[in-house]
Amino acid sequence: MSNLERSPQLTISEEPPRLQQPVLEVTSAREVDLGEGTRVRRLLPKRQRSTIGAWCFVDHFGPEDVSAGRGMFVPPHPHIGLQTVTWLLEGEVLHRDTLGNTQLIHPDQLNLMTAGIGIAHAEESPPDHPPMMHGVQLWVALPKRSSSIAPAFDHIPSLPIAETAGARITVIVGELLGERSPAITYSDLMGAEIELRGGSTQLPLRADFEYGLIALSGEGTIEGVTLRVGTLLYLGLGRETFSVNASEPSRLLLLGGEPFGEPLFMWWNFVAHSAEEIERARTDWQEHRRFGDITGFDGAPLEAPPLPPGRLKPRG
Ligand code: MN
């Protein structure tokens, strides 16, 4: 997916060090129009919070009936300094990138694209697509030491599953309940889908990780707080377990990681550690350098929006 806002704001994450303690902080998604009638719930970044571990961007789309239209249509666009994580609950997405990969993704599979120094991709519903589209796309910020790595793309067709008394857990990234995802990451983080059958379940957490939770479908109650679709519950650090109760079958996404601890610049589809990196990436995309070409996509690449006026600089 791409950030298709016409005037994307610069997001600079220079958040103060986290308190080493649990919190319960609920924030609501911002509805963002991606064009072509597609609306998404953007749960990160938010003014109050830019990162959870290295997770720095969360868009939740659907469930949407795309039987009458062409569905997802995101033309070629560039990324630097991040990994994209695509996770579907329903539907199919066809990915094409400048490394020459063409990959169809189905529910319960992981597409992990590592931008590193630079990659471009396009994502669309295939011509004969299922009627419904539902999923998330997340970005993981690369730490400064890994920001210049070569681009890569991995499709992981099946992921480890853990079972508890009340839930079936798919480990998408990192480790949970002794199950480890094969996804390669560059900081200590985790992401898992918790499919609750209804009832309660308890999961072990790492006290040195911060965690956040979103509802993909249904809802869950954590320490008296009800998490619904369109909200993010930030859990803070210092927890060794957490319990969730669901009155109906629900699917939640648990995201966690070591607090990122590095200032980040995020603008359009770029994540970087300086304003200059963002400006150079924008110029290189506009002047057709660095990122390469995508074959087989029927449509023009996205133009980079204008940079916000003034110099990009950290706030504070
Ligand atoms: Mn993208």
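Residues numbered from 1 in each chain as written. Predicted model: local features only at pLDDT ≥ 70, side-chain atom pairs only at ≥ 80, totals over all residues. Heavy atoms only, no water.

Enquirer: Explain helix α1 (residues 275–286) residue by residue, including any values.
Expert: The end-to-end C-alpha distance of α1 is 17 Å, a good match for the 16 Å that 12 residues give at a rise of 1.5 Å each. Residues A275, I278, E279, A281, R282, D284 and W285 constitute the buried set of α1. Buried positions along α1 lie against β6 (73–79), β11 (119–124), β26 (264–267) and β27 (270–272). Once α1 finishes, H288 follows within two positions and takes phi at roughly 60°, a positive value. (Helix = DSSP H or I, 4+ residues; strand = E, 2+ residues; numbered from the N terminus. Expected span 1.5 Å × (residues − 1). Buried < 20%, exposed > 50% of the residue type's maximum accessible area, 1.4 Å probe, protein only. Contact = heavy atoms within 4.5 Å.)

Enquirer: Pulling in residues and values, what's your account of unusual backbone geometry?
Expert: What you tend to see is this: most non-glycine residues have negative phi, and most peptide bonds are trans. A cis geometry characterises the amide bond from L44 onward to P45, with omega recorded as -10°. Examined against the element boundaries, P45 turns out to sit in the loop between β4 (39–44) and β5 (55–65). A cis amide bond links G62 with the next residue in sequence, P63, at an omega value of 0°. Among the structural elements, P63 can be located in strand β5. Even without being a glycine, L177 presents a positive backbone phi close to 55°. Within the secondary structure, L177 is located in the loop between β16 (175–176) and β17 (179–180). In this structure, H288 is a non-glycine residue whose phi angle is positive, near 60°. Among the structural elements, H288 can be located in the segment after α1.

Enquirer: So what about the sheet that holds strand β13 (residues 152–156)? Which residues, and what values?
Expert: Spatially, seven strands are ordered β3-β4-β5-β12-β7-β10-β13 in an open sheet, and the strand pairing comes out antiparallel. If you trace the sheet from one side to the other, it starts and ends with β3 (30–33) and β13, each paired once. Within this sheet the neighbouring strands show an average axis-to-axis angle of 20°, counted without direction. Sheet topology note: the strand β10 (residues 110–114)/β13 ladder contains five bridges and is antiparallel. Opposite L110, over in β13, you have I156 as the bridge partner. (Pairing = 2+ DSSP bridges. Axes fitted to C-alpha atoms, helices over the stretch in contact; angles between N-to-C directions.)

Enquirer: Mind laying out empty space enclosed by the protein, listing which residues take part and the relevant values?
Expert: Following the criterion strictly, the structure yields two cavities of 30 Å³ or more and no others. Considering only enclosed or pocket space, the second largest cavity measures out at about 40 Å³ in volume. Together, T84, T86, V93, H95, N111, L112, M113, H121, E123 and F153 line the second largest cavity. Elements supplying a minimum of two residues to the lining of the second largest cavity: β7 (82–90), β8 (93–97), β10 and β11. Residues of the lining of the second largest cavity, tallied by class, amount to four nonpolar, five polar and one charged. (1 Å grid on protein atoms, 1.4 Å probe; cavity = no way out; pocket = protein on both sides within 12 Å on 5 of 7 lines; lining within 4 Å. Points joined across faces, edges and corners; volume = space filled by probe spheres on them. Nonpolar A, V, L, I, M, F, W, Y, C, P; charged D, E, K, R; others polar.)

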